[in-house]
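Analysis of the macromolecular model
If you want the building blocks of each chain, they are given just below.
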Amino acid sequence: MATVDFRVGARAHITVDSEVCRSCTTSACVTACPANLFAPTSDGGILFNYEECFECGTCYMVCNSEGAITWTYPDGGQGVVFHHG
Amino acid sequence: MAEPTMADAPGPESAEFDAVVVGAGPAGSAAALALARAGRSVVMVERGPFPGSKNVYGGVVYGRVLDAIIPNWWEDVPVERWVVRRSTMMMTESQSLSIDYRTGAWGTAPYNGMTTVRSRFDTWLAAKATEAGARLLTSTVATGLLRDGDGRVVGVRTDRDHAELRSRVVVACDGVNSFLAKEAGLLPQSEASHYTLGVKEVLSLPREVIDERFGVQGHEGVDIEILGCTRGIPGGGFLYTNTDTVSVGVVASLPHLAEARIRPEELIADLKEHPSIAPYLRGSSLREYAAHLIPEGGYDTMPPLATDGMMLAGDSAAMTLAAGMWLEGVNFAIASGYAAGQAVDRAVASGDCTASGLASYRADLERQFVLVDHKRLRKAPALVLSDRVQQRYPGLLCDLAEGMFTVVNPAPKPGGLRVTRNAAAKHGVKLRELAADTLRGLRIFG
Ligand SMILES: Cc1cc2nc3c(=O)[nH]c(=O)nc-3n(C[C@H](O)[C@H](O)[C@H](O)COP(=O)(O)OP(=O)(O)OC[C@H]3O[C@@H](n4cnc5c(N)ncnc54)[C@H](O)[C@@H]3O)c2cc1C
Ligand code: SF4
Ligand code: SF4
């Protein structure tokens, strides 16, 4: 997202347990994430990259499998910076 | 062994601050302002590098809430444009019907609403709090609650050198995802049906082009709310004018969005291409894309507002009012935050910072618009997000307008009742349902 200012931290603030995703029936995160960060893999899992995340919370809210998503805020000062929010 | 010092003793006696306010959004800054003015020691903890950096809204701030808090606030508030024209548009793929209201009265002090961006507005409001004596720690995440042996909240842990901030009260103004409210058991961990996702594009356009296209001049601005632009997903759209940008976006119910498997960006793209919207945006370029959740459940989904040593204000307490033509959260956040700060002051003075000592907060909000409006409009979210209002009425009303405005010569004009019956039938709505919903609407909004 070239138009958004991200101060990417070293720590992944969101992690996805692809094992859990393999038995997911909805893959709701894939279309709902407004930053399009959840990529389905050929083996039914999910490839996730935290770097250009809006920190909105959509993914953990729509995810139907306990334990698939571990969600925290980035460390202080890191992550997305909105200038026209 | 020496007597334990005050500093190691657990509990509120060891508090460094009267209050820790988590979040320097509108709720947090208003709370900190009230506390600092009352002479209480208060620190705001904000995870972003500056206030507003994590925050996204539509946006129009309805500023009258500031009248009593910051005299002549309009003289230095970072306004983009003062809204003098407000429009509600119902649309289908190819039609639109608008109710458009304009008044010069909104263009002079004390004004009605202003477009502004959160990086500037939130920074402005936070500065009012720090000028009054509040401390602001930016780039700091409150990572959890500190509790004493009785389970009372006595401060927060932070990720700044793992520092702990101890206080008599924690005011959680940490917004829609409030992990502090969740940790305290006040909010459910995840309840998607109470939330909508808002996505917004900010598009650059020369100032004179905005003036011309929207029919405004100087600092005048326009606010357009849109229904029927979300492919049947409960939600709506908006288009607002800033000085030299416009904000266009949609909000969509989370579970319905997920179920529909439609990407939120596609909904914005649809809206931008609509024949009634596209002409406003022609030639613009993307400045920023953003996304944020909104607590839209209203009164019936609000959590308890206080527990021992802790209270909630603004979006952490689900205080955004989202009811059709209204999408207001900043004013509710400011009013509730300020009231929370005042309640903490009273509680500290009385020496009782338990839930019962903090109970005057809710009583205060019940006398103000915050809970009066929410209570009165408690059934509005369900009506506005209902199938008929979302999927059938925009088309029905557009067809009704088409039926009345289309000149069918040489055939004679059809009567209003026939046009209504035809439009209703086409959209699968019975006249009985239409009448019932009208009555329901009148009861809720009237
Ligand atoms: C798309 C959209 C359109 C909207 N349109 C409008 C509109 O036009 N008009 C209107 O009045 N309202 C609108 N709203 C609602 C409005 O944005 C919110 O109601 C308002 O921002 C709530 O203020 P707040 O202070 O409670 O929370 P927020 O503004 O969300 O502030 C919370 C703050 O807490 C910080 N924070 C969170 N967790 C932590 C932590 N653990 N540690 C440290 N800091 C933390 C965040 O960084 C943030 O600064 C809209 C919302 C959206 C999403
Ligand atoms: S993250 Fe959740 S919703 Fe997405 S694929 Fe995994 S289990 Fe399913
Ligand atoms: S928080 Fe929002 S932007 Fe980030 S991964 Fe989840 S859904 Fe996507």
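Residues numbered from 1 in each chain as written. Chains lettered and ligands numbered in written order. Predicted model: local features only at pLDDT ≥ 70, side-chain atom pairs only at ≥ 80, totals over all residues. Heavy atoms only, no water.

Contacts to ligand 1 come from 37 residues, most closely from B:Glu46, B:Val60, B:Arg118, B:Ala142 and B:Asp315. Neighbouring residues of ligand 1 are not confined to a single chain but are spread across chains A and B. Within the side chain of B:Arg118, one N or O atom sits 2.7 Å away from an oxygen atom of ligand 1. Here an oxygen atom of ligand 1 and a backbone polar atom of B:Cys173 are 3.5 Å apart. Contact with the protein chains covers 98% of the free accessible surface of ligand 1, which is 990 Å². Residue assignment for the shell around ligand 1 shows that the elements contributing at least two residues are α1 (26-37), β15 (285-295), β19 (326-328) and α8 (330-350) of chain B. Its residues assigned to classes, the shell around ligand 1 comprises 17 nonpolar, 13 polar and 7 charged. A domain split of the shell around ligand 1 shows at least three residues from each of domain 1 (6-78 + 117-188 + 303-377) and domain 2 (192-295) of chain B. (Near = heavy atom within 4 Å. Polar contact = N/O pair within 3.5 Å; in protein donor to acceptor, adjacent residues only side chain to side chain. Areas by Shrake-Rupley, 256 points an atom, 1.4 Å probe, with all protein chains shown as cover. Helix = DSSP H or I, 4+ residues; strand = E, 2+ residues; numbered from the N terminus. Nonpolar A, V, L, I, M, F, W, Y, C, P; charged D, E, K, R; others polar. Domains from an automatic or database assignment.)

Right, let's talk about the interface of chain B and chain A for a bit. Each partner contributes residues to the interface: chain B has 46 residues there, and chain A has 37 residues. Carbon and sulfur atoms make up 55% of the area that chain B and chain A hide from each other, which totals about 3300 Å². Among the residues of chain B in contact with chain A, B:Arg47, B:Arg263 and B:Glu288 are the three that bury the most area, contributing 19% of the side total. On the surface where chain B and chain A come into contact, there are 2 salt bridges. Across the pair A:Glu55 and B:Arg47 runs a salt bridge, and its minimum N-O distance is 2.7 Å. Top contributing element to the side of chain B that touches chain A by residue count: β15(B), with 8 residues. (Contact = heavy atoms within 4.5 Å. Buried area = accessible area lost by both parts, 1.4 Å probe. Salt bridge = Lys/Arg side-chain N within 4 Å of Asp/Glu carboxyl O.)

Time to look at the pattern of salt bridges. Residue and element names in this part refer to chain B. Under the defined criterion, the tally for this structure stands at 31 salt bridges over all chains. The shortest N-O distance in the salt bridge between Glu220 and Arg102 comes to 3.5 Å. With Glu220 in strand β12 (residues 220-227) and Arg102 in strand β5 (residues 96-102), the pair connects residues that are 118 residues apart, well separated along the chain. Assessed through its relative accessible area of 23%, Glu220 is described here as partly exposed. Relative accessible area serves as the criterion here: at 42%, Arg102 is assigned to the partly exposed category. (Buried < 20%, exposed > 50% of the residue type's maximum accessible area, 1.4 Å probe, protein only.)

Entries for chain B in the domain assignment read domain 1 (6-78 + 117-188 + 303-377), domain 2 (192-295) and domain 3 (386-445). The C-alpha centroid of domain 3 of chain B is placed 45 Å from the C-alpha centroid of domain 1 of chain B.

Now for empty space enclosed by the protein. All names here are of chain A. For the structure shown, the criterion picks out 4 cavities of 30 Å³ or more. Roughly 90 Å³ of internal volume is contained in the largest cavity. Along its surface, the largest cavity is lined by 15 residues, and Cys33, Leu37, Cys53, Cys56 and Cys59 are the ones closest to its centre. Split into classes, the residues belonging to the lining of the largest cavity amount to 12 nonpolar, 2 polar and 1 charged. In this structure, the second largest cavity encloses a volume near 60 Å³. (1 Å grid on protein atoms, 1.4 Å probe; cavity = no way out; pocket = protein on both sides within 12 Å on 5 of 7 lines; lining within 4 Å. Points joined across faces, edges and corners; volume = space filled by probe spheres on them.)

Turning to the site of ligand 3, a few remarks are in order. Residues and elements named next belong to chain A. In the neighbourhood of ligand 3, 15 residues make up the surrounding shell, with Cys33, Cys53, Phe54, Cys56 and Cys59 lying closest. Using a 2 Å cut-off from the grid points, one finds that ligand 3 occupies the largest cavity. A per-class count over the shell around ligand 3 returns 12 nonpolar, 2 polar and 1 charged. (Sits in = over half its atoms within 2 Å of the grid points.)

So, on to the confidence of the model for chain B. Looking at chain B as a whole, the pLDDT averages 94, with 97% of positions reaching at least 70. Long-range and interchain partners of residues 1-13 of chain B, a stretch whose pLDDT sits below 50, account for 12 contacts in this model, where long-range means more than four residues apart. (pLDDT = per-residue confidence, 0-100.)

This brings us to the packing of aromatic side chains. In the structure shown here, the tally under the stated rule is 18 aromatic pairs over all chains. Between A:Tyr73 and B:Phe179 the ring centres are 5.3 Å apart and the planes differ by 80 degrees, which places this aromatic pair in the edge-to-face class. In this pair, A:Tyr73 is assigned in the loop between β5 (69-71) and β6 (79-81) and B:Phe179 in helix α3 (residues 179-183), connecting two distinct chains. B:Phe179 gets classed as partly exposed once you look at its relative accessible area, which sits at 25%. Measuring from centroid to centroid gives 5.4 Å for B:Trp73 and B:Trp74, while their planes differ by 80 degrees, and the two rings are edge-to-face. Overall, B:Trp74 belongs to the partly exposed group, its relative accessible area being 22%. An aromatic cluster of at least three residues, connected via ring pairs, comprises A:Phe6, A:Phe54, A:Phe82 and B:Tyr289. (Phe/Tyr/Trp six-rings, centres within 6.5 Å; stacked < 30°, edge-to-face > 60°.)

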